[in-house]
Amino acid sequence: EREAADAPSLFSRVVEDAARGDVEKVLVGAESVDVVLRCGDRYEAMLVPWLDMNWLATTLREHGVAFGARPPPLVDAAADLNRRKAAGRAALAGAAGASLVFSILTWILLDE
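Rules used in this analysis
- Residues numbered from 1 in each chain as written.
- Predicted model: local features only at pLDDT ≥ 70, side-chain atom pairs only at ≥ 80, totals over all residues.
- Heavy atoms only, no water.
- Pairing = 2+ DSSP bridges.
- Helix = DSSP H or I, 4+ residues; strand = E, 2+ residues; numbered from the N terminus.
- Buried < 20%, exposed > 50% of the residue type's maximum accessible area, 1.4 Å probe, protein only.
- Arc of directions from axis to C-beta.
- Contact = heavy atoms within 4.5 Å.
- Phe/Tyr/Trp six-rings, centres within 6.5 Å; stacked < 30°, edge-to-face > 60°.
- Lys NZ or Arg CZ within 6 Å of the ring centre and 35° of its normal.
- Salt bridge = Lys/Arg side-chain N within 4 Å of Asp/Glu carboxyl O.

A. Layout of the pairing of strand β1 (residues 23-28). Taken together, the five bridges between β1 and strand β2 (residues 32-37) define a ladder with antiparallel strand orientation. Looking across to β2, one finds that V28 is bridged to V33. What sits between β1 and β2 in their antiparallel hairpin is a turn of three residues. Summarising the sheet, β1 and strand β4 (residues 66-69) pair through four bridges and their orientation is parallel. Each residue of the ladder has a partner; that of L27, found in β4, is G68.

Structure representation (structure tokens):
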């Protein structure tokens with residue numbers, strides 16, 4: 001029984017599918033692998049934290065599986081700039097608000 005399409009598979013599935021000759025290629029990321037099967041299906045499996053990458057490379061090579069690093073995600077420059085601008089405005093607003101509160105408290109304390 002296979003997991004839901006949007007849930008990552010167990011890493012053991014990658015090894016089992018490779019041993020059966022069902023895996024065409026594996027792209028390795030920081031926390032997971034993308035698996036492309038010979039039939040065209042794809043799935044993601046989470047890496048085991050203590051997994052030795054040399055073992056993984058050897059195992060995939062033994063089963064004739066192409067493998068490599070997953071390319072980094074593309075950064076949407078406009079969205080990133082907007083996010084940084086919003087963070088800067090929030091920081092300025094926070095600083096201005098703190099300055100206003102400080103001024104009011106100083107006025108109240110010194111006025112008495």
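B. Molecular detail of helix α1 (residues 11-19). All buried positions along α1 are accounted for by F11, R13, V14, D17 and A18. Taken down its axis, α1 places every buried residue within 150 degrees of arc, on the same side. Buried-residue contacts for α1 involve β1, β2, β3 (42-46) and α2 (53-62). Where α1 terminates, the next one or two residues include G21, which has phi positive at roughly 85 degrees.

C. Structural context of the packing of aromatic side chains. Throughout the structure, instances matching the rule amount to zero aromatic pairs. Just above the ring of Y43 sits the side chain of R13; from NZ or CZ to the centre is 3.5 Å.

D. Representation of the pattern of salt bridges in the model. Using the criterion set out here, one finds four salt bridges in the structure. Between D17 and R20 there is a salt bridge, with the nearest N and O atoms lying 2.2 Å from each other. A residue is classified by how much of its surface remains accessible, and D17, at 1% relative accessible area, is buried. R70 is paired through a salt bridge with D34; the nearest N and O atoms lie 2.9 Å apart. Here R70 is found in the loop between β4 and α3 (77-111), whereas its partner D34 is found in strand β2, with 36 residues between them in sequence. Bridged by salt links that share partners, the residues R13, D17, R20 and D22 form one connected network.

E. Just α2, in detail. For α2, the full list of buried residues reads L56, A57, T59 and L60. Buried residues along α2 cover an arc of 165 degrees about the axis, so they all sit on one side. Counted as exposed and oriented over 90 degrees from the buried face of α2: N54, R61 and E62. Its buried side turned inward, α2 meets α1, β1 and β4. Count one or two residues on from α2 and you reach G64, which has phi positive near 70 degrees.

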